[in-house]
Structures are given as structure tokens and as C-alpha cells.
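Take a look at the letters that make up each chain.
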Amino acid sequence: MIERTVIIESVDPQTFYGVNNSNISLLRNLFPKLRIAARGNVIKVIGEEGETAAFEKKVKEIEAHAVKYNKLKDEDIIDIVKGDAPKAVAAEGVIIFGQNGRPIAPRNHNQALMVKSFHENDLTFALGPAGTGKTYIAIALAVAALKNRQCKRILLSRPAVEAGEKLGFLPGDMKDKIDPYLRPLYDALEDMIPPLKLKEYMENDTIQIAPLAFMRGRTLNDSIIILDEAQNTTKHQMKMFLTRLGMNAKMIVTGDTSQIDLPRSVQSGLLQAMRILKGVKGIGVIEYRKKDIVRHPLVQRIVDAYEEREKEADAEFEANLEPHHKLDNITK
């Protein structure tokens, strides 16, 4: 009789063990000759050498399945132990499986182009109106790369610019002050990574979320770097961010040029970058349209209404200028 220790490394132990350790109970039934005890992320098993080796092999297969699909059912465990292929979720073009095994895949043509651009280029710009899924797809691609060991860390950043409000001196430490700006990024991560695993990633800096100002001076190797709300960067901030790209790293920059919150006297770094970098090899540009909006159907109608009002305002402004232009012509 020997004792073997199996460590659960890549998946949240709660997901692996199941509610009230139901998955461990199932494994005990499937391996009746072994004594199995689980605590924390460690499973100890006592039995004959061949049986314990087979148990360890199957546990690692079950763990890999749980990592990929973000869920674990009784029938999955039974199929793996018996040597059968688990019944995988059928979904074309899946980037990653989110919470409870929900497949996250492109929902329109431009999202599919963004996935293609990410794999073919080291820098991808994704531009377009709110609700098109730019940021969500970017984070899904980053989490998938982390799970597949294609990168060592994920860095998510946003410029800390208020959308027409002055938040003042927020209470708390630095994290408390910047979290309101970065909350949308946390929301997307929580959709894709189990809570305990996400907490672990955040604590060991595998996933880092920080305001853009904190990126200065860094060289980011072996990383997926995402800049969200890039329309609110200044020219100097954008240049600073783009030059952080290190070896074996990829960047995704997302933004909506119709929602610039910078002072009128400050030019958007995103607009300047699109002019300067046009045609540069290794850079992909995806331009989302209103038809790509994947939120509630009302969002697209809201965007349409605002655009129509802006056109009317522009027409009114030009009409008010006409008399002055005529006067100028007469005096000349």
C-alpha cells in the first residue's frame, strides 16, 4: 500500500469537488479499492501502486476538462474514468467557456474578425459604438490565452476619466479609489473565471487591473495587454501605452470615438493613433457598426436616436452660419 498526493492546480477546488464534496464521493464509488481524502487543493489517496497511479491520471484528465469547460458534471467524471470521451458542448468558434460552462463565441461578423486579427497580429484596434462586445471579446481572448498557457499574465487598463462627472476625493486606499473606473473589466472577468480562481489570479498578479497612468516605465513581456475606453487617452498616453509592448506579448485597444470625455482642447490619442499607424504591418483594425450591437435591442435604437439628433444639431448650426457667410460675400 502506498500514499499518493494529487494537487489540484488549475481549477477552483470548489468546482472540482462539487457541492458538499459530491464529486469526491463519486470518485470514491468509482475507485472502491482506494481510500480518498480531499482538503484544500490536495487529494490524498492510499492503495495499490497501479490503482493510485490510475487515479492520479484520471484526476488530471478531469481537472483539464473542468478548466476547459468551466463546469464539471457527474456524467463527465464517469465518462472520463471509464475512458469515454465526455459529451462536450457543441458550439462553433468558441473562444472560452464562461461560468457554468456557458460558451463564449463571436456573435457577429466583426467579432469573428476581431478573433482572427488577435491571432494574426500583435496589436489590434477594435473601434465602435457601445454594446458591440469589443471589451468582452478582448477579455475572453486574453483569458483563453492564459488558460492555454500562451501568456503568463493579463494586464487590463483604462484611462481614469470621468464621464461628465467629478467624483472628487474618493475614500479608501488606492484600490478603492480606482475601482469605480475599472468595474466593467471586473464584471467581464467574473463572467469567465470562478470567483476563488479569479481572486488567486488577482492576488498573485497573474491578472492585473490598473489605470493607464500606472503603465509608464513598464516593459510587458509574455502578456496580453488590453486598453479599454482608449478614446479618452491623450496623445502622449497612447504613445506611452503602445510602446510598453514586450516580447511574446499582444495588445488589444478598444474605444468608441463618439464618446470622448476629454476636454475639448485635448485631442484624443486614439484618433491620432489611427491616423499615424494606418497601414503599419502587424496591426489589425476592426470597425464595429450599429448593426453589431449585441446588448438589449433598445440600445441600438438609443444609439440611432442620439445620432439623428446630432445630425439635426449640425444642420441647425450650419443654417445659423449662412447669413454671416452671405454678409461676408456682399462686403467683399
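Given the structure is predicted, the values throughout are model-derived calculations rather than measurements.

1. Considering helix 4 (residues 74–82)
Phase 1: Restricting attention to buried positions, one finds in helix 4 the residues Asp76, Ile77, Asp79, Ile80 and Val81.
Phase 2: Where helix 4 is buried, its residues touch helix 2 (22–30) and helix 3 (49–69).
Phase 3: Gly83 lies just past helix 4 and shows a positive phi near 90 degrees.

2. Focus: the sheet that holds strand 10 (residues 250–255)
Phase 1: Read across the sheet, six strands follow the order 8-7-9-10-6-11 without closing on themselves; strand pairing throughout is parallel. Across the chains shown, the open sheet's two edge strands, defined by having one partner strand only, are strand 8 (207–211) and strand 11 (283–287). The sheet shows a mean angle of 15 degrees between the axes of neighbouring strands, direction not considered.
Phase 2: As judged from the five bridges shared by strand 7 (residues 153–158) and strand 9 (residues 223–227), these two strands associate in the parallel manner. Bridge pairing links Ser157 to Leu227 in strand 9.
Phase 3: Sheet strands in contact with helix 6 (residues 134–147) are strand 6 (123–127), strand 7, strand 8, strand 9 and strand 10, and its direction is about 165 degrees off that of strand 10.
Phase 4: Those strands touched by helix 9 (residues 235–242) are strand 6, strand 9 and strand 10, and its axis lies near 155 degrees from that of strand 10.

3. Structural notes on the nonpolar core
Phase 1: Judged by nonpolar contacts, the single largest core of 37 residues is most densely connected at Ile139, Leu189 and Ile207.
Phase 2: Going through the elements one at a time, helix 5 (109–120), helix 6, strand 7, helix 7 (174–192), helix 8 (195–203), strand 8 and strand 9 are the ones with two or more residues in this core.
Phase 3: Residues contacting Ile207, with those up to four places away along its chain left out, are Leu146, Ile154, Leu189, Ile193, Leu198, Tyr201 and Met202.
Phase 4: Among the nonpolar cores identified, the runner-up in size contains 22 residues, and Val6, Val11, Ile36 and Leu72 belong to it.

4. Concerning the packing of aromatic side chains
Phase 1: On inspection of all chains with the given rule, the structure shows three aromatic pairs.
Phase 2: Ring centres of Phe31 and Phe55 lie 5.2 Å apart, and the angle between their planes is 85 degrees; this geometry places the pair in the edge-to-face category. With Phe31 in the loop between helix 2 and strand 2 (35–39) and Phe55 in helix 3, the pair connects residues that are 24 residues apart, well separated along the chain.
Phase 3: Over the aromatic face of Phe118 sits the side chain of Lys250, whose NZ or CZ is 5.4 Å from the ring centroid.

5. Observations concerning the packing of helix 2 against helix 4
Phase 1: Contact pair helix 2 / helix 4: the axes reach a minimum separation of 11 Å and the direction vectors enclose 30 degrees. Classified by the angle their axes make, helix 2 and helix 4 are roughly parallel. Considering the relative orientation of helix 2 and helix 4, their crossing is right-handed. Across the interface between the two elements, Asn23, Leu26, Leu27 and Leu30 from helix 2 touch Asp74, Ile77, Ile78 and Val81 from helix 4.
Phase 2: Tallied by class, the residues present in the contact of helix 2 with helix 4 amount to six nonpolar, one polar and one charged.

6. Some details on the environment of Leu155
Phase 1: Mapped onto the elements of the fold, Leu155 is located in strand 7.
Phase 2: For the pair Leu155 and Leu227, spaced 72 residues apart in sequence, the C-alpha separation works out to 8.6 Å.
Phase 3: Look past the residues within four positions of Leu155 in its chain and what remains in contact with it is Gln208, Met215, Arg218, Leu220, Ser223, Ile224, Ile225 and Ile226.

7. With respect to the sheet that holds strand 3 (residues 42–47)
Phase 1: Strand order across the open sheet formed by three strands is 1-3-2, with antiparallel pairing between neighbours. Both outer strands of the open sheet, strand 1 (2–7) and strand 2, are each paired with one neighbouring strand and no more. The mean inter-strand angle of the sheet, taken between neighbouring strand axes irrespective of direction, is 20 degrees.
Phase 2: Sheet analysis places strand 1 next to strand 3, joined by six bridges and oriented antiparallel. Within strand 3, the residue paired with Ile2 across the bridge is Gly47.
Phase 3: Here helix 2 sits on the sheet in contact with strand 2 and strand 3, set at roughly 165 degrees to strand 2.
Phase 4: Across the sheet, helix 3 is in contact with strand 1, strand 2 and strand 3; its angle to strand 1 comes to roughly 10 degrees.

8. A word on helix 10 (residues 269–276)
Since one α-helical turn is 3.6 residues long, residues separated by three or four positions face the same way.
Phase 1: Restricting attention to buried positions, one finds in helix 10 the residues Gly269, Leu270 and Ala273. With its buried residues spanning 95 degrees around the axis, helix 10 presents them on a single face.
Phase 2: Contacts made by the buried residues of helix 10 are with strand 6, helix 9 and strand 10.
Phase 3: At the N-terminal end of helix 10, a side-chain oxygen is found 3.2 Å from the backbone nitrogen of Leu270, two or three residues along, and the residue is Ser268.

The rules behind the values
- Residues numbered from 1 in each chain as written.
- Predicted model: local features only at pLDDT ≥ 70, side-chain atom pairs only at ≥ 80, totals over all residues.
- Heavy atoms only, no water.
- Buried < 20%, exposed > 50% of the residue type's maximum accessible area, 1.4 Å probe, protein only.
- Helix = DSSP H or I, 4+ residues; strand = E, 2+ residues; numbered from the N terminus.
- Contact = heavy atoms within 4.5 Å.
- Pairing = 2+ DSSP bridges.
- Axes fitted to C-alpha atoms, helices over the stretch in contact; angles between N-to-C directions.
- Core = buried A, V, L, I, M, F, W, Y, C linked by side-chain atoms within 4.5 Å.
- Phe/Tyr/Trp six-rings, centres within 6.5 Å; stacked < 30°, edge-to-face > 60°.
- Lys NZ or Arg CZ within 6 Å of the ring centre and 35° of its normal.
- Parallel < 35°, antiparallel > 145°, perpendicular 65-115°, else oblique.
- Left-handed = near helix turned anticlockwise from the far one by under 90°.
- Nonpolar A, V, L, I, M, F, W, Y, C, P; charged D, E, K, R; others polar.
- Arc of directions from axis to C-beta.
- Polar contact = N/O pair within 3.5 Å; in protein donor to acceptor, adjacent residues only side chain to side chain.

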